[in-house]
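What the coordinates show
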Amino acid sequence: MAVTSGASRSPRHRPPPPRVGIVGSGLIGTSIGLALTGGGVDVLLADIDAEQVKVAEVMGAGRPWHGEPVGHAVIAVPPHAVAGELRRLQRAGLAETVSDVASVKARPIVEAVQAGCDLSAWCPAHPIAGRERGGAASARADLFAERTWVVCPLPHTSPAALEATVAIAHACGATPVHTTADRHDQAMAALSHLPQVVASLLAAATPDLAAGELALAGQGFRDVTRLADSDPGLWSSILEGNRGPVAAQARSLTAQLARLADVLDRGSEQEVVLAVRTLMTSGNAGRALLPRKAGAVSRPWAWAWVGVVLADRPGQLGALFTAIGDWQINVEDIAAFEHNLDAPAGIVELAVSPDIVDALLDRLAAAGWTAYRRS
C-alpha cells in the first residue's frame, strides 16, 4: 500500500477541537473517548444502545450527547452504517467536520455520495487497532498508542476536516498515514480481513476432533485462531463491505493451498521437501518485511534474535534491560517469556539489528549473562 506517514508527534501538532462527538460507544469509540478526555477534550457520546453510553461514561470516556454542536464528530459504527450516520449528523448541523473509523472505506464513500452527504466536511479514516472483545467495557485509553491511523482524504475533503482528523489521531497517540480508499481496502483484505476468515475457518474445524483431542492444541494453534473470538455482527459488515478485495485474496490463497495439497498427495519426497521449504522461506521473507513500529518503513531483512537465560530470582529482567540500555543498544521487539515453573531459570528473546548481534553477545558474556543467537 502506498502510504505517506504523518509527521512525528511534537508540540507543534494542532490540538483536537475542544469538543468532539463520538457516534458509537463500542470498543473503538469509547477508547477514542478515553484518550481524548485524558487530554482535556470535552467528549460527547452517542449510541443506539444506551447501556453502552452509560458504561463509557462511568469509565470516563465522556458524557451523553444530547444534540449539542461539536467541532468534530467521529463515527465509530460498522461500515454499513457510516453513510447513514454521516447524513444524520450533517442534516442536523451537529458537527463542523466528521471522520470515521470503519475498516472498509470504498463502500461507505459510494453510499455517502448516494445519500447526498457533504463530502467536503468528511475525512474517511481507520485506526489500526482493536481487540477480540468489543464493547465499551473492553475499551482502553492507550489502545491507539504507537499504532497507525490511516487517513483517506477525498478530493473534496476540506483542509479543516483533514486537520481535525489528523489532530484526533495524534491526540490518541497514533501515527497518521495517508493513502487512498481503494488502496486501503486492498491492503486490509490481505492484512486483516483474510486473516480473520482463516482464523475462523481453522477454529471452526475443531468440532471434528474426537473428545479429548482438543487438549493437544498448543500455543501455535491458540495464536493462529485468536481472531476467531471476534464479533460476528461486526465482521459480517466488514466482509460484506469489502467483498471484492477479500474474494480476490481468498481465491489466491485457495490456489496456493491447492497446489500444496497436490504436492503432499502425489509428490516425491524431494518435491514435498522443496515445496515446504519454498513455502516457509517465502513466509520468513514476508514476515521480515513487516515494519516493527507504526509509520516506519518496512525493512528488507529480519531482525536478529538473541536469547538470554534469566535466573529465577527478582530483578533479573530489570537488570538485563538496564545493562542493555547502558550500552545504548535498542531492543526492537521481545518474544513471549519462556519459563517453566519447575525450572530454576527462564529465557527471554530479544530482537535487535543484525549488525550488532556479535557485539551484544560479547557484552552479555562479559557481564556474566548466558546468551545465544537464535537460529
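Model, not experiment: these values are computed from the prediction.

Overview of helix α6 (residues 181–204)
In α6, a bend of some 50° at alanine 189 exceeds every other bend along the element. Those residues of α6 not exposed but buried are Ala181, His184, Asp185, Ala187, Met188, Ala189, His193, Leu194, Gln196 and Ala199. Of the surrounding elements, those touching the buried residues of α6 are α4 (106–114), β8 (125–127), β9 (148–151), α7 (219–224), α8 (232–241) and α9 (243–266).

Thoughts on unusual backbone geometry
Not every positive phi belongs to a glycine, and glutamate 146 is a case in point at roughly 60°. Positive phi values are uncommon outside glycine, yet glutamine 328 reaches one of about 60°. If you trace the backbone, glutamine 328 turns up in the loop between α11 (316–326) and β12 (333–334).

What about the packing of aromatic side chains?
Enumeration according to the criterion identifies one aromatic pair in this entry. With 5.2 Å between their ring centres and 55° between their planes, phenylalanine 144 and tryptophan 149 make a pair best called tilted. Each of the two residues, phenylalanine 144 as well as tryptophan 149, counts as buried.

Points about the pattern of salt bridges
Going through the model one piece at a time under the given rule, you end up with 13 salt bridges. The closest approach of N and O atoms between arginine 14 and glutamate 163, which form a salt bridge, is 3.6 Å. Taken together, the residues arginine 14 in the loop between β1 (4–5) and β2 (19–23) and glutamate 163 in helix α5 (residues 159–171) connect sequence positions 149 residues apart. A residue is classified by how much of its surface remains accessible, and arginine 14, at 54% relative accessible area, is exposed. Residue glutamate 163 is classed as partly exposed on the basis of its relative accessible area, which comes to 35%. Where arginine 63 meets glutamate 68, a salt bridge forms, and the shortest distance between an N and an O atom there is 3.5 Å.

About the criteria used
- Residues numbered from 1 in each chain as written.
- Predicted model: local features only at pLDDT ≥ 70, side-chain atom pairs only at ≥ 80, totals over all residues.
- Heavy atoms only, no water.
- Bend = angle between axes of the 7 residues up to and from the residue.
- Helix = DSSP H or I, 4+ residues; strand = E, 2+ residues; numbered from the N terminus.
- Buried < 20%, exposed > 50% of the residue type's maximum accessible area, 1.4 Å probe, protein only.
- Contact = heavy atoms within 4.5 Å.
- Phe/Tyr/Trp six-rings, centres within 6.5 Å; stacked < 30°, edge-to-face > 60°.
- Salt bridge = Lys/Arg side-chain N within 4 Å of Asp/Glu carboxyl O.

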